[in-house]
Structures are given as structure tokens and as C-alpha cells.
Amino acid sequence: MKTIGIVRRIDELGRVVIPKELRRTMHLKEGEEMEVFVAPDNSLVLKKYSVVKELADLAQDYADIIYSITNTNCLICDLDYFVAASIDKNVYLNNRISKALEGFLMNRKAEYLKGDKVINLLKEEDRVYKDMAIAPIMVGGDVLGGIIMPSPKGFGELSLKLVEVASGFIAKHI
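The structure reproduced in this document is the subject of the present report. For clarity, every value in this text was computed on a predicted model and none was experimentally measured.

Regarding the sheet that holds strand β6 (residues 131–139)
Pairing within the open sheet is antiparallel, and its 5 strands lie in the order β4-β3-β7-β6-β5. Edge positions in the sheet fall to β4 (82–85) and β5 (111–114), since each has one partner strand and no second. Between one strand and the next, the sheet's axes are offset by a mean angle of 20°, whatever the strand orientation. Alignment of β5 against β6, held across 4 bridges, turns out to be antiparallel.

Written out as C-alpha cells, the structure reads:
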């Protein structure tokens, strides 16, 4: 662990303010959930909580099934990282999603994109897709992540229905 040289007091309700610079660097937003751990050296560790990441095994199974039926990659992400990928695991898994993808998911609607409307999925990506279907994973009106089916050859609008089904299935397990 590295020290950042910022000291904060605990208030009368037991709260500690996380400095704005740190929240910005770690992409922490108001209302996000944090996990609290006690390390062996008795220090407290805060970790951003992702319910989608908690379901990574289920998400991976779902992505693999989609691929086995469609022969098209299926990606599942929370609002920060990819947690499942049917192929190209070394490219996507545990890599940060692009701002474009995060913004798209926050629009709260599933969509089939093709041609120049296709977005980058990773911050820096050299892959070119002909089309992609994207559906947000939503629970109680909150966007928790998304399901993406990108295709370099073109898959068709049926992929939109597949990602909507996958999104509903994952949301039902949250």
C-alpha cells in the first residue's frame, strides 16, 4: 500500500470523508457501495463493491453459452470493468470499460448499433466491429452493468434480443 499523505478525522457518526481527488482517481460516485475489510495488520481497506462482479461465475457461464449457440463474442461488465467474456478473455477480462460504453449504459436502453454508430468497448481499442448489441443490466432503476455482443462480421438485430434476455437473467439473480 502507498500513503498519499492525507489525514482525515472520524466524525461523531463514525464517518470518514474520502478526499475528492481520490474519489475522482478511483471513479467513485456518490451513492456507490463500498466493501470494508480488516487487513491482517489491523488496517481498514475500502473496496468498491460490484454486485455484477459477485456474479462473475454465472456471467461467465452465460457468456459461454451465448457463444456456443451464436459463435459471437458475449461480454458482461459492471460500470468499471469487464467481468466475463466468451472469447478474447485476455483482452477484456478485468480491463476497464470505455467512457463511451459507460455513457451508453447510463442511457438505460438496449440498442443495436451498426456502422459508424459502433462504439469502442475499451479505453484504447484497435478492434473494428461491424455491429454490436448492448443492453444495460438494471435493478430497481439503477444501472449496474451491461451485456455486449460485438461482431466483426455482422450478426443482426437478433443479437439485441439475446442481450436483453441476458441482461434480464443477470438482473434477476442480483
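The discussion continues.
Let's talk about the pattern of salt bridges
A complete count under the given rule lists 6 salt bridges for this structure. K109 is paired through a salt bridge with E111; the nearest N and O atoms lie 3.8 Å apart. For E111, a relative accessible area of 24% corresponds to the partly exposed category. For K161, the salt bridge goes to E164, with nearest N and O atoms at 3.5 Å. A residue pair is termed a helical-turn pair when its members lie 3 or 4 positions apart in one helix, as K161 and E164 do in helix α6 (residues 158–172) at 3 residues.

Points about a nonpolar patch on the surface
Taken together, V36, V38, L44 and L46 make up a surface patch of nonpolar side chains, about 410 Å² in accessible area. Counting only elements with at least two residues in the nonpolar patch, the list comes to β1 (34–38) and β2 (44–48). By the secondary structure assignment, V38 is in strand β1. For V38, a relative accessible area of 58% translates into the label exposed.

Describing the environment of G145
Residue placement: G145 occurs in strand β7 (residues 142–151). Between the C-alpha atom of G145 and that of G14, which follows or precedes it by 131 residues, the distance is 31 Å. Excluding residues that lie within four positions of it along the chain, G145 makes contacts with V52, C77, D78, L79, L105, A135, P136 and I137.

Re the packing of aromatic side chains
Applying the stated criterion across every chain yields a total of 2 aromatic pairs. Measuring from ring centre to ring centre gives 5.2 Å for F82 and Y92, while their planes differ by 70°; the resulting arrangement is edge-to-face. Of this pair, F82 sits in strand β4 while Y92 sits in helix α4 (residues 89–92), placing them 10 residues apart in sequence. Overall, the relative accessible area of 0% leaves F82 in the buried class.

Concerning helix α5 (residues 99–106)
Within α5, burial applies to L101, E102, F104 and L105. Summarising the axial view, the buried residues of α5 lie within an arc of 160°, below the 170-degree limit, and thus occupy one face. Downstream of α5 by a residue or two, R108 has a phi angle that is positive, lying close to 65°.

Things to note about helix α3 (residues 56–70)
Taking 1.5 Å of rise per residue, the 15 residues of α3 would be expected to cover 21 Å, and the 21 Å separating its terminal C-alpha atoms lies within 8% of that figure. Buried within α3 are the following residues: A56, A59, Q60, Y62, A63, I66 and T70. Along the axis of α3, the buried residues cluster in a sector spanning 165°; they form a single face. Exposed positions of α3 whose direction lies more than 90 degrees from the buried face are D57, S68 and I69. Two residues or fewer past α3, N71 is found with a positive phi of approximately 60°.

Each value, and the rule that gives it
Residues numbered from 1 in each chain as written. Predicted model: local features only at pLDDT ≥ 70, side-chain atom pairs only at ≥ 80, totals over all residues. Heavy atoms only, no water. Pairing = 2+ DSSP bridges. Helix = DSSP H or I, 4+ residues; strand = E, 2+ residues; numbered from the N terminus. Axes fitted to C-alpha atoms, helices over the stretch in contact; angles between N-to-C directions. Salt bridge = Lys/Arg side-chain N within 4 Å of Asp/Glu carboxyl O. Buried < 20%, exposed > 50% of the residue type's maximum accessible area, 1.4 Å probe, protein only. Patch = residues over 30% accessible without salt bridge, like charges linked within 9 Å, V, L, I, M, F, W, Y side chains within 5 Å. Areas by Shrake-Rupley, 256 points an atom, 1.4 Å probe, with all protein chains shown as cover. Contact = heavy atoms within 4.5 Å. Phe/Tyr/Trp six-rings, centres within 6.5 Å; stacked < 30°, edge-to-face > 60°. Arc of directions from axis to C-beta. Expected span 1.5 Å × (residues − 1).

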